[in-house]
Amino acid sequence: MAMPADTNASGDIFGGWVLSQMDLAGGIAAGQRAQGRVVTIAVDKMKFIRPVHVGDVLCVYTSVGRVGTSSMEIKLEAWALRHRFGGREKVTEAIFTMVAVDGQGKPRPVPKDIPAPQ
């Protein structure tokens, strides 16, 4: 939920807060696909469509796009549930590139097999 401490001088939620929430969601999706640790290396096509307001619940939806040897494109959409109970509006979308890394932070291959949902 977007809180007053997350606002800019105009009373809207900082774009950086929204970006942070999307990075968390993207990292979860990429980590599940990579079956391990991942890092964000790029954010592409970030588009802020509508502002997020105090009291909105931010819902972030992910899908795994292209999967390379060690990298993955994660497509994200953020939707605001207005004032916790109102209608939903798409507020932001982006493509994050995540890389699977080993314990030393070095790129490692993403497994070819997609893990079954649990």
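Residues numbered from 1 in each chain as written. Predicted model: local features only at pLDDT ≥ 70, side-chain atom pairs only at ≥ 80, totals over all residues. Heavy atoms only, no water.

Draft legend 1. Seen up close, the pattern of salt bridges. Taken as a whole and assessed by the stated rule, the structure comprises six salt bridges. Of the charged contacts in the structure, one is a salt bridge between Asp-56 and Arg-82, with a shortest N-O distance of 2.5 Å. Here Asp-56 is found in the loop between strand S1 (38–48) and strand S2 (57–67), whereas its partner Arg-82 is found in the loop between strand S3 (71–81) and strand S4 (88–100), with 26 residues between them in sequence. Given the relative accessible area of 11%, Arg-82 is considered buried. Each of Arg-50, Asp-56, Arg-82 and Glu-89 takes part in salt bridges that share partners, so that together they form one network. (Salt bridge = Lys/Arg side-chain N within 4 Å of Asp/Glu carboxyl O. Helix = DSSP H or I, 4+ residues; strand = E, 2+ residues; numbered from the N terminus. Buried < 20%, exposed > 50% of the residue type's maximum accessible area, 1.4 Å probe, protein only.)

Draft legend 2. Expanded view of the side chain of Arg-82. Here Glu-89 takes part through its side chain, which lies 2.7 Å from a polar atom of the side chain of Arg-82. Those residues in contact with Arg-82 that lie beyond four places of it in its chain are Arg-50, Pro-51, Val-52, His-53, Asp-56, Gly-87, Glu-89 and Val-91. (Polar contact = N/O pair within 3.5 Å; in protein donor to acceptor, adjacent residues only side chain to side chain. Contact = heavy atoms within 4.5 Å.)

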